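Residues per chain, in single letters:
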Amino acid sequence: MEAAKKEKISVDDEAVDKNIFKNCSNIAFYRRQKKQLSKKSTCRAVLDSVTTGKDSTSFQIINKATKIPLLAEVYGLEGNIFRLKINEESPLKPRYEVRDVLTSKLSTVRLISCSGDKGSLVLADGKGDLKFHVTADPFKVDLVSEEDIVMSVNSLGQLYFEHLQISPKQRATKENEDDASVDTSQQENQNDMGLWEEKFGKFVDIKANGPASIGLDFSLHGFEHLYGIPQHAESHQLKNTGDGDAYRLYNLDVYGYKIHDKMGIYGSVPYLLAHKLGRTLGIFWLNASETLVEVNTEPTVEYTLTQMGSVAAKQKVRSRADVHWMSESGIIDVFLLMGPTPSDVFRQYSHLTGTQAMPPLFSLGYHQCRWNYEDEQDVKAVDAGFDEHDIPYDVMWLDIEHTEGKRYFTWDKKRFPNPKRMQELLRSKTRKLVVISDPHVKVDPDYSVYAKAKEQGFFVRNREGRDLEGVCWPGLCSYLDFTNPKVREWYSGLFAFPVYQGSTDILFIWNDMNEPSVFRGPELTMQKNAIHHGNWEHRELHNIYGFYQQMATAEGLIRRSKGKERPFVLTRSFFAGSQKYGAVWTGDNRSDWSYLKISIPMLLTLSVTGISFCGADVGGFIGNPEAELLVRWYQAGAYQPFFRGHATMKTKRREPWLFGEEHTRLIRDAIRERYALLPYWYSLFYRAHKTAEPIMRPLWVEFPNELETFGIEDEYMLGSALLVHPVTEPKAAVVDVFLPGSDEVWYDSKTFAHWEGACTVKIPVALDTIPVFQRGGSVVAVKTTVGKSTGWMTESPYGLRVALSSQGSAVGELYLDDGHSFQYCHQNQFLNRKFLFCSGVLINSCADERGRYPSKCVVEQILVLGLRKQPSSVTTHSSDGKDQLVAFTYSATTSTLSLEKLSLDIGADWEVRIK
């Protein structure tokens, strides 16, 4: 390790051979579970041990082979959720339970015991339409909704629980030394099964607590379509897993990750959704240790039966999806979300883990980043380049080179001698700065962050009890133990303006490398037997480490503003509940068409698992995109929630104006489309924050009763009003767009051509085409003029795009507040307006009476799509009773009515009457 202090660390330390990462066959607890489960030992529930407490019902489960009792606890939670916890009844020591993820407001519902037969226990919620049916022998649970079994637990008998035991060394000491001769077969078993020690490559994982893995299976009846469990560079719909091919949830720094692969990458959300016609379910497996998920779906099959030569009869066997969860340690703590609709499941999951944080408005604009902008002059030149080429942007980003020798919270004095002056330049254009802050801290007694953290014992320790040291960008580093509340509080304090010299209130934060990434460590991460606060091993909580850093960072930004301002924090590593603290991106992707294409299903998966504020590096982080790919990526990114261009070191510069005039124009157009749509984006974020509706939605979410939508992942809904189909193939001349809904009408957002739904249409595409369609029946608010940044557009006028349904009606909403503070929730300083078009009248009314916010903005333009007949007159009618005739233009070819030069107050009630 001494050598690491001297030698230069480069990107080659991160861009390692993929063979240093494990596959299932290298994972000992996976091998153990597969071997044991093949022996088919069963468990039984001891139903005469049932006890009913205030919040839960509990009973024993006995494994017939080991005879060791487990304790099962069943909870009913408000809003159609069951919680099942299984732990050892008397563990040798406490087993790890995940903290800080669940919201504090979990309300339990008393479950009533209904009469089951002798070998069963039936628990029902108050309404009685949901039942938790326990069969004693073999132990199994059926979840019953209106007499229909929708989910079974342990029906395949895969409940697995390794009990904590005394280590062989301690056992040997306790026994008579003479009799404690080593059993060689046991030794071989240990080596193969990795009970107390697990080897991988040159690394040996010594396990103080021995084997402690858990597992359980779930069968979903009538289901074939499963989604969720990010993060994988894989399809949106989960695929069947074969032997040794499970989905892995283990946060790892995988530079240029392989696509169409089930290996774990930067983040983990152990939450899976199942959907079929008429029902959506969720399974949230609350465990932060390494987790593997096996999936097997059996489609509906019709068998033909012949009986003694009589007429053949058909028997239909219903489809089923089996999901098998396995974790290295901890307890079984699983939440079963009973839906029944997609929006119910989103709401249920948000009751458990929270909703998406309401972002500051600037963060929905475009972000410009690379590793690295060289110095203050470079920043100034790039900033000026955007203005010179009339391209809006909101945020300049600085990577690790802005610091003094990769010491976070410092500035390189040669490159950035006057960081405040640089920020004032950005502020003068209402722009912001984001800088990086990683969890590793350079080992340097003269670096105050290191010295203070060391003095207070704030670093993760190794198994010998000393501060763990590993290699990352600065060379030799120690790692802050963010699982410790005191460390988080101290770290939050580092963002205070007097402490973080050179920072101002327009500086925000990017947490990277927080899987955590440890170069030259096992799988490029921290050894599992490192020790955290509370004496917990790293293996227990690996997947939640980055979650805690983002939590502390967001808290620090709130604290520095005395609780007034919303933070913006981007994190690479994440867990269930990370949505409460900011944004996530898909990490180190490549400048390749296949990575552009896979970004859509990756973001859809994040979106349905609660993380709405997500995006992928535009242009690809690694490599040099050709001009066509870059244009297509900007067009896709403009319609994804987090919109940032980023590139690694040694790639060619790729600011939007470096690819010739024509490509500059196309990129400008894409970014300007993003800015024009900001009122719609911001309103969607408010809905996500309040009601947990995803922003980027797979089609099945919006059209849950249309089977054709269940597997589509090359297009998606943005909110409920816009369908987006990014072009992801080179030299494309035409794309096939599926427009769902037999009773829907869809309008091309540029040409206003319209189609009826439930069909695939061939859309011709040139390089300037972004296939976006507005759904009939919707009203979308836009800004009619675009400024240099979001801050320039505060008082810009609005336009309304009213797309009529087949019934000639439309509805939409607009949310508006100051865009940066918490006044919207502390003081109800917001406007929420509803637009309704019906029987030829467009009405603007208040959607939430609690909100009050002064806005000088007016609606100056209204576009009505799908108006079949030219009107004879259009009048506006204001709340004070005044009517005014309005000039209009009507196009019979496109059935479009256009009203210009209006001046209708956005915050007032008014009507536009079309006769």
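Reading the values: rules and limits
All residue numbers refer to position in the chain's written sequence, counted from 1. The predicted origin of the model limits local features to residues at a pLDDT of at least 70 and limits the giving and counting of side-chain atom pairs to 80 or more, whereas totals for whole chains, interfaces and linings rest on all residues. In computing side-chain values, all of the structure's heavy atoms are included and hydrogens and water are not. For the purposes of this entry, the term helix denotes a DSSP run of H or I that reaches at least four residues, the term strand denotes a run of E that reaches at least two, and both are numbered from the N terminus. Values of the radius of gyration come from C-alpha atoms, whereas the globule rule sets the reference at 2.2 Å times the count of residues to the power 0.38. Only protein chains enter the accessibility calculation, which uses a 1.4 Å probe; a residue is then buried when its area is under 20% of its type maximum, exposed when over 50%, and partly exposed in between. The contact criterion used is simple: two residues touch if any of their non-hydrogen atoms lie within 4.5 Å. Only four residue types enter the tally: Lys and Arg on the positive side, Asp and Glu on the negative side, with His and both chain ends excluded. One atom stands in for each charge, and that atom is NZ of Lys, CZ of Arg, CG of Asp or CD of Glu. Aromatic rings from Phe, Tyr and Trp, with only the six-membered ring used for Trp, were paired whenever their centres fell within 6.5 Å, and each pair was classed as stacked if the ring planes differed by under 30 degrees, edge-to-face if by over 60, and tilted otherwise. In this description, a line fitted to the C-alpha atoms serves as the axis of each element, helices being fitted only across the stretch in contact, and the angle between N-to-C directions of two axes falls anywhere from 0 to 180 degrees. Angular relationships are summarised with four words: roughly parallel below 35 degrees, roughly antiparallel beyond 145, roughly perpendicular across 65 to 115, and oblique for the angles in between. In this count, Pro and Cys sit with the nonpolar residues alongside Ala, Val, Leu, Ile, Met, Phe, Trp and Tyr, while Asp, Glu, Lys and Arg are called charged and the others, Gly among them, polar. In this analysis, the expected span of each helix is defined as 1.5 Å times one less than the number of residues it contains. Think of it this way: the bend at a residue is just the angle between two axes, each fitted to seven residues, one set ending at that residue and the other starting at it. Between N or O atoms, a polar contact is any pair within 3.5 Å; within protein, one atom must be a potential hydrogen donor and the other a potential acceptor, and residues adjacent in sequence are included only when both atoms are from side chains. Confidence scores per residue from the predictor, reported as pLDDT, run from 0 to 100. When DSSP finds two or more bridges between a pair of strands, those strands are recorded as paired. A pairing counts as a salt bridge when a side-chain nitrogen of Lys or Arg comes within 4 Å of a carboxyl oxygen of Asp or Glu. Cavity and pocket criteria rest on a 1 Å grid covering protein atoms alone: a 1.4 Å probe that fits but cannot get out defines a cavity, protein on both sides within 12 Å along at least 5 of 7 lines defines an open pocket, and an atom within 4 Å of a point defines a lining residue. Grid points are joined across faces, edges and corners, and a volume is the space filled by probe spheres set on the points.

### Things to note about the overall build of the chain
For the chain, the helix and strand inventory stands at 17 helices and 56 strands. Since a compact globule built from 915 residues should have a radius of gyration of about 29 Å, the 29 Å found for the chain is in line with a globular shape. Across its three principal axes, the chain shows a C-alpha extent of roughly 100 × 85 × 50 Å. Put simply, the chain has 915 residues, and 61% of those count as buried. Considering only contacts within the chain whose residues lie at least 6 apart along the sequence, 71% involve residues at least 24 apart. Taken as two groups, the 107 positive and 116 negative side-chain charges of the chain have centres that lie 2 Å from each other.

### A closer look at the packing of aromatic side chains
For the structure shown, the criterion picks out 48 aromatic pairs. Centroid distance Phe 362 to Phe 508: 4.8 Å. Interplanar angle 45°. Geometry classified as tilted. Placement of Phe 362 in the loop between helix 5 (342-353) and strand 24 (367-368) and of Phe 508 in strand 30 (residues 507-511) is noted, with a sequence separation of 146 residues between them. On the basis of relative accessible area, Phe 508 is assigned to the buried category, the value being 6%. With a centroid separation of 6.2 Å and 35° between ring planes, the pair formed by Tyr 686 and Phe 830 is classed as tilted. Separated by 144 residues along the polypeptide, Tyr 686 in helix 15 (residues 678-691) and Phe 830 in the loop between helix 17 (823-826) and strand 48 (831-838) bring together distant segments of the chain.

### A short note on the packing of helix 13 (residues 627-637) against helix 14 (residues 661-676)
Axis separation between helix 13 and helix 14 bottoms out at 8 Å; the angle between their running directions is 10°. By the angle between their directions, the pair helix 13 and helix 14 is classed as roughly parallel. Residues Ala 627, Leu 630, Val 631, Tyr 634, Gln 635 and Gly 637 of helix 13 lie in contact with helix 14, whose contacting residues are His 663, Leu 666, Ile 667, Ala 670, Ile 671 and Arg 674. Partitioning the contact of helix 13 with helix 14 into residue classes produces eight nonpolar, three polar and one charged.

### Observations regarding helix 12 (residues 593-608)
The end-to-end C-alpha distance of helix 12 is 24 Å, a good match for the 22 Å that 16 residues give at a rise of 1.5 Å each. Roughly 25° is the biggest bend found in helix 12, and it falls at Ser 599, with proline Pro 601 one to four residues downstream. The element helix 12 is largely enclosed, with a buried count of 14 among its 16 residues. Within two residues after helix 12, Gly 610 carries a phi angle of roughly 95°, on the positive side.

### A closer look at the side chain of Glu 523
Looking at the secondary structure, you find Glu 523 in the loop between strand 30 and strand 31 (531-532). A distance of 2.8 Å separates the side chain of Glu 523 from the backbone nitrogen of Lys 22, its partner in a polar contact. At 2.7 Å, the side chain of Glu 523 and the side chain of Arg 248 are in polar contact. Residue contacts for Glu 523: discarding those within four places in its chain leaves Ile 20, Phe 21, Lys 22, Phe 200, Arg 248, Tyr 250 and Leu 252.

### Observations regarding the confidence of the model for the chain
Confidence along the chain averages 95 in pLDDT terms, with 96% of residues attaining 70 or more. Within the model, the stretch residues 177-185 combines pLDDT values under 50 with four contacts to residues more than four positions away or in other chains.

### Quick notes on the pairing of strand 22 (residues 320-327)
Counting buried residues along strand 22, seven of its eight residues qualify, which places the element largely inside the surrounding structure. Sheet topology places strand 14 (residues 214-221) next to strand 22; eight bridges connect them, and they run antiparallel. Bridging across to strand 22, Leu 216 finds its partner in Trp 325.

### Remarks on the pattern of salt bridges
Applying the stated criterion across every chain yields a total of 67 salt bridges. One salt bridge connects Arg 431 with Asp 383, and the closest N-O pair in it is separated by 2.8 Å. Linking Arg 431 in the loop between helix 7 (419-427) and strand 26 (432-436) with Asp 383 in helix 6 (residues 376-388), this pair joins segments that are 48 residues apart in sequence. Of the residues examined, Arg 431 reaches a relative accessible area of 0% and is grouped as buried. Here Asp 383 falls in the buried class, since its relative accessible area comes to 0%. In this structure, Asp 909 engages Arg 833 in a salt bridge whose closest nitrogen and oxygen atoms are separated by 2.6 Å.

### Structural notes on the environment of Pro 764
With respect to the helices and strands, Pro 764 occurs in strand 43 (residues 759-764). The spatial distance from the C-alpha of Pro 764 to the C-alpha of Val 735 is 6.5 Å, given a sequence separation of 29 residues. Dropping the residues within four chain positions of it, Pro 764 is found in contact with Ala 733, Val 734 and Thr 769.

### Some details on the layout of surface pockets
Regions of empty space are outlined by a rolling probe, equal in size to a water molecule, passed over the atoms. Each pocket or cavity is described by its volume, and for the second largest pocket that value is around 810 Å³. What lines the second largest pocket is a set of 38 residues, and nearest its centre among them are Leu 361, Thr 794, Asp 818, Gly 819 and His 820. Grouping the amino acids of the lining of the second largest pocket by side-chain chemistry returns 19 nonpolar, eight polar and 11 charged.

### Quick notes on the sheet that holds strand 28 (residues 469-472)
Sheet architecture is open: three strands sit in the order 27-29-28, paired in antiparallel fashion. The sheet terminates laterally at strand 27 (440-442) and strand 28, the two strands that pair on one side only. The average angle at which neighbouring strand axes cross in this sheet is 55°, direction not considered. With three bridges joining them, strand 27 and strand 29 (residues 475-479) adopt antiparallel strand pairing. Pairing of His 440 across the sheet is with Tyr 479, part of strand 29.

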